[in-house]
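Single-letter residue listing:
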Amino acid sequence: MQLNNAQVVIRPRSPWEAVDLGTHLARQHAGLLISAQFLAMAAVLGVLSLVLMDYPGVVALIFWWLKPLYDRLPLFILSRALFGERPTLKQALRAWPSQMKAQWFSSLTWRRYSPWRSFHLPVTQLEGLNGKPRTARLNVLSMRNSQPAAALTIIGVHLEGFLYFSLLLFIFLLLPPEVYDGWDFNPSDWLDDEPLWFAHLTNWLYLLVLAVWEPFYVAGGFTLYLNRRTELEAWDTELTFRRIAERLQKGAAALLLCAVCLLPALYSPSSLAAEGLCLPPSSEQLPPEERLLNQALTSQASEKAIHALLDEPPFSNPTTEYELKWGKDEPEKEKTAERDGKTPWWLKWLINSWKTSGGIARAFEVLLWLVVLSALAWLLWRYRHWLADFVGRLQNLKPAVRQRPTTLFGLELDSDSLPDDLAAAAEALWPNDPRQALSLLYRGLLVHLLDEHQVAIKNSHTEYEVLGLINAQQLPQLARYASNLTRHWINLAYGHQLPAASVGPALCHAWRIVLKPAAPVTAPATQAASA
């Protein structure tokens, strides 16, 4: 197994992330996996159907019981494709009989109902372990990933049933009524009353379900196995060191080449001459007489001067401190005399403390506090992961900030883009462009709801959902005007129905009353309600 040739990033993952990696791996090789699985199972089901033609229920039971042997084929393909040795369809089908031989009897008997079948299969097929070594290996591997493997099996059972009955329903919907008029759909008599051809057809439908789902199930268990081995054997660390070694090997060759190129320059005559200029003088070149005899400061004098300087501030700052003590200090001589006696001093202290009970009580109090603190420390250590997750969730609980939509129904909801006198602008547009006038009024209504009433309008809301939010504000006058304006806007925007000529001035007048009460009112004769 060459880790350098792995087609995926090898690193420790959470169990469900590992299952997701298996799904991605199965999708990447889905064509080979499904075709090989289908051909292998079709051969088995074809032989069973020919031998037991009159007993399709028995065929279905035997075919279902042999499922652990079908799983060997997709695991063989995935284990080689993961490391860059993807087999062909012919090679996979040829290798399938040899892959089924390993522990086939135990896989079809006491291990048949194991919920960890996909997780344990690589140990049986790829590692070839059996007996006590297999049990010890599975105990180590199952310390963390056993529950996700069992959950994967439970999900697979439900998904198989869902897909199988969905195909049955689809086939039933395609049949003409004349075919199933005489059928009895009582579940207790189903095997006796259904046609023989239909019973065999249901077996082949189950084969299609297994051919599609089983490779994904095996891939999920295989990646759970790989993830556990990555954690135990530190595959990611090994790969990192291998990459560092490869980079160092490449760099070593470059450094060796540079050294070979620079070696002649280091030993050239000019470099040797320059090096001679930097050498210190030898003993023969020094003058024979002694030096440094006429100095004003000798070593002894300099040492005394240094010590005198260190004894002065700021290097030395002696201070006197006073503290209060309860009781009298025992002289050192008395303590020494007690220790030199026949009775040890600690035994006398223990006897005196026992008589007075004060020392024993304090000792027990200290012991109890140590037990309580130890228990608290153990609890914190025992549930440290839960506390870390809980604190992390509390830190992530931030108040949700409602984002104001910028556009809604294709209308720009920017307050600065609206005219100062919106009603007058809409009245001016109405004779020539009623659609633009209604758009301006409706856009002003939405901006008014966002700015003045802080209505929580989302991008996904429809016009009628906006009306529901307006009704929740308990403003009857605003709700009636919004309903009237929305009805005309929907009829024009989606139904292309032009409103009457009097609708525009009425809506503009109602705008001044409902949404701009402080503005001067110049009302036409028609009221907003008649619009």
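Now for a quick tour of the structure. Remember, predicted model here, so these are calculated numbers, not experimental data.

1. Regarding unusual backbone geometry
Negative phi is the rule for most residues except glycine; trans is the rule for most peptide bonds.
Stage number 1. Residue Gln-103 is not a glycine yet carries a positive backbone phi of 55°.
Stage number 2. Within the secondary structure, Gln-103 is located in the loop between helix H6 (89-100) and helix H7 (104-107).
Stage number 3. On the basis of relative accessible area, Gln-103 is assigned to the buried category, the value being 14%.

2. Concerning the pattern of salt bridges
Stage number 1. Tallying each qualifying case throughout the model produces 6 salt bridges.
Stage number 2. Two residues, Glu-160 and Lys-67, come together in a salt bridge whose shortest N-O distance is 2.9 Å. In this pair, Glu-160 is assigned in helix H9 (residues 132-174) and Lys-67 in helix H4 (residues 67-70), connecting sequence segments 93 residues apart. Considered together, Glu-160 and Lys-67 belong to a single accessibility category, that of buried residues.
Stage number 3. Each of Asp-71, Arg-117 and Glu-214 takes part in one network of salt bridges that share partners.

3. A few points about the nonpolar core
A general tendency of soluble globular proteins is for nonpolar side chains to be buried together.
Stage number 1. Ranked by internal contacts, the top residues of the largest apolar core, which has 57 residues, are Met-41, Phe-63, Leu-73, Ile-77, Leu-82, Phe-222 and Tyr-225.
Stage number 2. Counting residues per element, this core draws most heavily on helix H12 (residues 196-233), at 16 residues.
Stage number 3. Setting aside its immediate chain neighbours within four residues, Met-41 contacts Phe-63, Tyr-70, Leu-207, Leu-210 and Ala-211.
Stage number 4. By size, the runner-up hydrophobic cluster in this structure holds 37 residues, among which are Leu-450, Ile-470, Ala-482 and Trp-489.

4. Re the packing of helix H2 (residues 30-51) against H12
Stage number 1. Running from amino to carboxyl end, H2 crosses H12 at an angle of 150°, the nearest separation of the two axes being 9 Å. One way to sum up the angle between H2 and H12 is to call them roughly antiparallel. Between H2 and H12 lies a crossing of right-handed hand. In contact with Leu-33, Ile-34, Gln-37, Phe-38, Met-41, Ala-42, Leu-45, Gly-46 and Ser-49 of H2, H12 contributes His-200, Asn-203, Trp-204, Leu-207, Leu-208, Leu-210, Ala-211, Val-212, Glu-214 and Pro-215.
Stage number 2. Tallied by class, residues from the contact of H2 with H12 come to 13 nonpolar, 5 polar and 1 charged.

The rules behind these values
- Residues numbered from 1 in each chain as written.
- Predicted model: local features only at pLDDT ≥ 70, side-chain atom pairs only at ≥ 80, totals over all residues.
- Heavy atoms only, no water.
- Helix = DSSP H or I, 4+ residues; strand = E, 2+ residues; numbered from the N terminus.
- Buried < 20%, exposed > 50% of the residue type's maximum accessible area, 1.4 Å probe, protein only.
- Salt bridge = Lys/Arg side-chain N within 4 Å of Asp/Glu carboxyl O.
- Core = buried A, V, L, I, M, F, W, Y, C linked by side-chain atoms within 4.5 Å.
- Contact = heavy atoms within 4.5 Å.
- Axes fitted to C-alpha atoms, helices over the stretch in contact; angles between N-to-C directions.
- Parallel < 35°, antiparallel > 145°, perpendicular 65-115°, else oblique.
- Left-handed = near helix turned anticlockwise from the far one by under 90°.
- Nonpolar A, V, L, I, M, F, W, Y, C, P; charged D, E, K, R; others polar.

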